[in-house]
Amino acid sequence: MAEIILRDIEKYFGAVYVIRKLNLTIKHREFVVLLGPSGCGKTTTLRAVAGLEDVDSGDILIDGKPVQQLEAGDRDIAFVFQLFALYPHLTAYENIAFPLRATSESKASVEAKVRAVAKSLQIEHLLGKRPSALAGGDMQRVAIGRALVRRPKAMLMDEPMGALDAKLREEMRTELKRLHLENESTTVYVTHDQVEAMSLADRIAIMNEGVLQQVGTPDDVYHRPANLFVAQFVGSPVMNIAAANVKADGSRSLLALGKGAAPFEFPKSLIRHLSDAKANDLTVGIRPEGVLVSQTETAGYVPVTAHLIEPLGAYDIVDLKVGAQLVRARTASGYVSKVGARVWARLDPAQTHFFDTRTTDSLRIRLVDGAH
Amino acid sequence: MAHIRLDNVTKKFGLHAAVDGLTLDIADGEFFVLLGPTGAGKTTTLRLIAGLEKPDDGKIEIADQDVHQWSASERDVALVFQYYSLYPRYTVRQNLAFPLKSNARNCSQAEIDERIARAAKTLRIGHLLERKTDRLSGGEMQRVSIGRAIVREPRAFLMDEPLSNLDAKLRESLRAELKELQMKLKSTFLFVTHDQIEAMSMGDKVGILNEGKIVQVGTPYEIYNKPKNIFVASFVGSPSINLMPAELANGHVTALSGKLKIVAPRSKTNGAVTIGIRSEDITVGPKEQVAAHIHDVENHGVEKIVTLRVDDQFFKATAPSSLELKIDGTVKFSFNPDKLHFFDAASGASRA
């Protein structure tokens, strides 16, 4: 059992206010990812939970009990770092068994535990090796094994895949997720990699400059971002953002990105939604997959020019020139034949997000109830 | 203007051939990406062209001239490194002016100012010119490093993983910027990376390097859709292409312990093969062919990547984000027969 509650946490480094009144509850058995750019306070938050960092105010509760007065070692929490932090002179077996040395367990019981953990990590054949003889991924597996062997209440991980190459990270992601399902330990995981966060998390807590921006499932933060920061931090390629003007036009409304560009058609209801939301200046956001592209002139589509094409194999990312504005679209591989080509584009109303330019908050306008 | 040619170039460090009989042809004005894993010989190749290393064997030509006797500076190519090597206590302007102040170049102050202004405009760093470089962000520093290469107006740009120290968001935007820059300057770019997304998205041509040898050269489209062997097939694309043993007989492919049987699209010789299929070429849904266990589901926002298991074989499929998929549940899938790759089971060479 482990439920972790952070209540009004504040932390200063000298004059720098690194965590600002943070409130977050991590439920029993939940996998929560703290996501944000470097310097956003995510690692400091994690270290505070671990007991490696004191907070200046607020409470940290594990299973309802305040833990600020407890040493790191007494919190029954395991920590996995980006750098493997293994003992170089010990074998993989001895490294994994290390946390059990202080317990009065029998040799047989220690061995059973080490072997069970090694089996779930598929490193049984490596147990006799020293860290220097292991590849990066295997070192991190040993480090995770060492954290798991005590069966801690909670696992805290600080960018554990940061030092691994792309292919290995992909594999380790799946392994880690399966491991979490089997062990059911409450996990808090820190990363700046949104793909990792989206792939692993039950819920993602997105931080920027010490402030929690949004907490939600991967679907929430991707499809219903609370503000411009979240909208642009999650998703790759990044969401298109532009200042926009909307005006009524008969049975529809017209949305123009900047001056002089041909406007995109939207449902008339947008006008009402915007006036209900009391929006001042409007910023629209749309992900590349929400920009629909046609090779032929199509009703409701606007003529645009292909400015740049990035072929990514499974699909292409095409930068379209809409007046003075660039809008990135995701198309089928090879759909837009060459740079300079004229094509037609439309912004899918169901996938368009509307933000207040001044506050950067989402206006929570959803035009068509799509799949999400 | 520079057409770069390497003819059978070998470079050894001790007994180890870092570059091994390498032949490469980079057209004038081309954006060529050299892609490969760590230790493939990418950086050594770049340093050989730049004149920072001498080959043990073979010939290097820049603009149809053998450059063997030429020093690095005579070759007139600009190098941009992974670590921005800027002078920390100087302003951006001073850093940009520095390569132009050498006696060999003999630039007038007016010309220096003009070149800096032009580079600053291209890279959108005009507002940073009077700032000290230690007060720049990573992305700004890398733009200034590139600016320092641009002001020299070199015959070619050689770039050694210039984006790898930047965070993901910045890499993404600089990728597009670099590609745009190259299109604007129309110069020859040789760009070295281990990141297949960078290679695919920027390169006019991609050369895949492994153990000092070129494995395949082609457009991103060719590399992705017609890989020469399993090494190339698995090096490009994310998630990695799925590979599994299969049996070809009487115009049919049989895989997954006989559970999957599809008509082979082209006539193939019979026998054991390795088949490859990319995740986007596997369709998942209630109406598909074969049942599989759902081992993992990754939400990527725009789509889901689902790891499926049939007996002991794992493979990944791309599913629409709206499809409901539960870990440890069951789902049906089909392979798109037109998108199957066939590789020799022993050598890994493509049999297409």
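Hey, could you run me through the overall build of chain B in this one?
Across its full length, chain B holds 9 helices and 20 strands. C-alpha extents for chain B along the principal axes are approximately 75 × 45 × 35 Å. Of all 352 residues assigned to chain B, the portion counted as buried reaches 52%. Of the roughly 15600 Å² of accessible surface on chain B, 49% is carried by carbon and sulfur atoms. Across chain B, the mean location of the 46 positive side-chain charges is 2 Å away from that of the 44 negative side-chain charges.

Where do I start with the interface of chain A and chain B in this structure?
Size of an interface, as often reported, equals the accessible area lost when the parts are brought together. Taken together, the 35 residues of chain A in the interface contact 36 residues of chain B. Taken over both partners, the interface formed by chain A and chain B buries close to 2900 Å², and the fraction arising from carbon and sulfur atoms is 51%. Our count for the chain A to chain B interface comes out at 6 salt bridges. The partner of glutamate 298 of chain B in a salt bridge is arginine 173 of chain A, with the nearest N and O atoms 2.8 Å apart. Summed over the shared surface of chain A and chain B, the result is 19 residue pairs in polar contact (both at pLDDT 80 or more). Elements that contribute at least two residues to the side of chain A that touches chain B include exactly helix H5 (166-183), helix H6 (194-200), helix H7 (218-223), helix H8 (228-233), strand E16 (302-311) and strand E18 (325-332) of chain A. Of all the elements, H5 of chain A adds the most residues to the side of chain A that touches chain B, at 7 residues. Grouping the amino acids of the side of chain A that touches chain B by side-chain chemistry returns 15 nonpolar, 10 polar and 10 charged.

Please clarify how the pattern of salt bridges should be interpreted in this entry.
Once their charged atoms are close, side chains differing in charge can pair, the charge on each being opposite to the other. Applying the stated rule across the entire model yields 35 salt bridges over all chains. The shortest N-O distance in the salt bridge between glutamate 105 of chain A and lysine 113 of chain A comes to 3.0 Å. The partly exposed category is assigned to glutamate 105 of chain A, whose relative accessible area is 28%. The class of lysine 113 of chain A is partly exposed, set by a relative accessible area of 33%. For the salt bridge of arginine 141 of chain A with glutamate 175 of chain A, the shortest nitrogen-to-oxygen distance reads 2.9 Å. Remark: glutamate 175 of chain A occurs in helix H5 and arginine 141 of chain A occurs in helix H4 (residues 136-148); sequence separation between them is 34 residues. Taking relative accessible area as the criterion, arginine 141 of chain A reaches 9% and is therefore assigned buried. The structure contains a network of salt bridges with shared partners spanning Glu310, Asp319 and Arg328 of chain A together with Glu172 and Arg175 of chain B.

How do you make sense of the sheet that holds strand E15 (residues 291-294) of chain A when you look at a structure like this?
Two orientations exist for strands paired in a sheet by backbone hydrogen bonds: parallel and antiparallel. Spatially, 5 strands are ordered E15-E19-E16-E17-E18 (chain A) in an open sheet, and the strand pairing comes out antiparallel. Since the sheet does not close on itself, it has two edges, and those belong to E15 and E18 of chain A, each with one partner. Averaged over all adjacent pairs, the angle separating strand axes in this sheet is 45 degrees, with direction ignored. Where E16 of chain A lies against strand E17 (residues 315-322) of chain A, 6 bridges are found, and the strand directions are antiparallel. Considered in E17 of chain A, the bridge of isoleucine 309 of chain A is made with valine 318 of chain A. Each of E16 and E18 of chain A is contacted by helix H6 (residues 168-185) of chain B, which is oriented at about 100 degrees to E16 of chain A, the strand it contacts most.

What's the story with the nonpolar core in this structure? I'm lost.
Core analysis: the largest hydrophobic core is formed by 46 residues, its most contacted members being Val92, Ile125, Ile146, Met159, Leu178 and Phe191 of chain B. Excluding anything up to four places from it in sequence, isoleucine 125 of chain B contacts Val92, Leu96, Ala120, Arg143 and Val144 of chain B. Among the nonpolar cores identified, the runner-up in size contains 45 residues, and Ala78, Ile96, Leu100 and Met157 of chain A belong to it.

Explain unusual backbone geometry to me, please; I cannot follow it from the model alone.
Leaving glycine out, the prevailing phi sign among residues is negative, and the prevailing peptide bond configuration is trans. A cis amide bond links serine 236 of chain A with the next residue in sequence, proline 237 of chain A, at an omega value of -5 degrees. For proline 237 of chain A, the location among the structural elements is in the loop between H8 and strand E11 (240-249). A cis amide bond, omega 0 degrees, links serine 238 of chain B with the succeeding residue proline 239 of chain B. The topology assignment puts proline 239 of chain B in the loop between helix H9 (230-235) and strand E11 (242-249). Although it is not a glycine, asparagine 250 of chain B adopts a positive phi angle of roughly 50 degrees. Locating asparagine 250 of chain B in the fold gives a position in the loop between E11 and strand E12 (252-255).

So what exactly am I meant to see when it comes to helix H1 (residues 42-50) of chain A here?
Since the α-helix advances by 3.6 residues per turn, residues separated by three or four positions end up pointing in the same direction. Residues and elements named next belong to chain A. Counting buried residues in H1 gives 7 out of 9 residues, a clear majority hidden from the surface. Buried within H1 we find Lys42, Thr44, Thr45, Leu46, Ala48, Val49 and Ala50. Taken from the residues just after H1, glycine 51 is the one with a positive phi, measuring 90 degrees.

Looking at this structure, how should I read the domain arrangement of chain A?
Residue and element names in this part refer to chain A. You can read the domains of chain A as domain 1 (4-233) and domain 2 (240-356). Measuring from the centre of the C-alpha atoms in domain 1 to the corresponding centre in domain 2 gives 40 Å. Each side of the interface is counted separately: domain 1 has 8 residues, and domain 2 has 6 residues. A per-residue breakdown of the area domain 1 buries against domain 2 is headed by Tyr222, Leu228 and Ala231, which together make up 67% of the total. At the junction of domain 1 and domain 2, the tally comes to 0 salt bridges. The interface formed by domain 1 and domain 2 includes 2 residue pairs in polar contact (both at pLDDT 80 or more). Of the residues assigned to the side of domain 1 that touches domain 2, the class counts are 5 nonpolar, 3 polar and no charged.

Where do I start with the packing of aromatic side chains in this structure?
Both the distance between ring centres and the angle between the ring planes are used here to describe each pair of aromatic rings. In total, this model carries 15 aromatic pairs over all chains according to the counting rule given. Their ring planes at 10 degrees and their centres at 4.6 Å tell us that tyrosine 12 of chain A and tyrosine 17 of chain A sit as a pair that is stacked. With 5.6 Å between their ring centres and 45 degrees between their planes, phenylalanine 333 of chain B and phenylalanine 335 of chain B make a pair best called tilted. Note on phenylalanine 333 of chain B: relative accessible area 0%, which makes it buried. Overall, phenylalanine 335 of chain B belongs to the buried group, its relative accessible area being 4%. Site record: aromatic cluster; members linked through ring pairs are Phe31, Phe157, Phe189 and Phe191 of chain B. The ring of tyrosine 315 of chain A is capped by arginine 330 of chain A, whose NZ or CZ atom sits 3.6 Å from the centre of that ring.

Would you mind going over the packing of H4 of chain A against H5 of chain A with me for this structure?
Between two packed helices, what matters for the description is the angle formed by their axes and the separation of those axes. All names here are of chain A. Axis separation between H4 and H5 bottoms out at 12 Å; the angle between their running directions is 15 degrees. Compared by their axis directions, H4 and H5 come out roughly parallel. H4 and H5 meet at a crossing whose hand is right-handed. For the pair H4 and H5, contact is made by Gly137, Gln140, Arg141, Ile144 and Leu148 and by Leu168, Glu171, Met172, Glu175, Leu176, Leu179 and Asn183, respectively.

In this structure, what is going on with the domain arrangement of chain B? I would like to understand it.
Residue and element names in this part refer to chain B. Split into domains, chain B comes out as domain 1 (4-235) and domain 2 (242-344). A straight line from the C-alpha centre of domain 1 to that of domain 2 covers 39 Å. Among the residues domain 1 hides against domain 2, the three largest losses belong to Tyr224, Ile230 and Ala233. Together they make up 72% of the total. One can count 0 salt bridges joining domain 1 with domain 2. Here domain 1 and domain 2 share 3 residue pairs in polar contact (both at pLDDT 80 or more) between them. Secondary-structure elements contributing two or more residues to the side of domain 1 that touches domain 2 are helix H8 (220-225) and H9.

Cut-offs used in this document
- Residues numbered from 1 in each chain as written.
- Chains lettered and ligands numbered in written order.
- Predicted model: local features only at pLDDT ≥ 70, side-chain atom pairs only at ≥ 80, totals over all residues.
- Heavy atoms only, no water.
- Helix = DSSP H or I, 4+ residues; strand = E, 2+ residues; numbered from the N terminus.
- Buried < 20%, exposed > 50% of the residue type's maximum accessible area, 1.4 Å probe, protein only.
- Areas by Shrake-Rupley, 256 points an atom, 1.4 Å probe, with all protein chains shown as cover.
- Lys, Arg positive; Asp, Glu negative; His and termini not counted.
- Charge placed at Lys NZ, Arg CZ, Asp CG, Glu CD.
- Contact = heavy atoms within 4.5 Å.
- Buried area = accessible area lost by both parts, 1.4 Å probe.
- Salt bridge = Lys/Arg side-chain N within 4 Å of Asp/Glu carboxyl O.
- Polar contact = N/O pair within 3.5 Å; in protein donor to acceptor, adjacent residues only side chain to side chain.
- Nonpolar A, V, L, I, M, F, W, Y, C, P; charged D, E, K, R; others polar.
- Pairing = 2+ DSSP bridges.
- Axes fitted to C-alpha atoms, helices over the stretch in contact; angles between N-to-C directions.
- Core = buried A, V, L, I, M, F, W, Y, C linked by side-chain atoms within 4.5 Å.
- Domains from an automatic or database assignment.
- Phe/Tyr/Trp six-rings, centres within 6.5 Å; stacked < 30°, edge-to-face > 60°.
- Lys NZ or Arg CZ within 6 Å of the ring centre and 35° of its normal.
- Parallel < 35°, antiparallel > 145°, perpendicular 65-115°, else oblique.
- Left-handed = near helix turned anticlockwise from the far one by under 90°.

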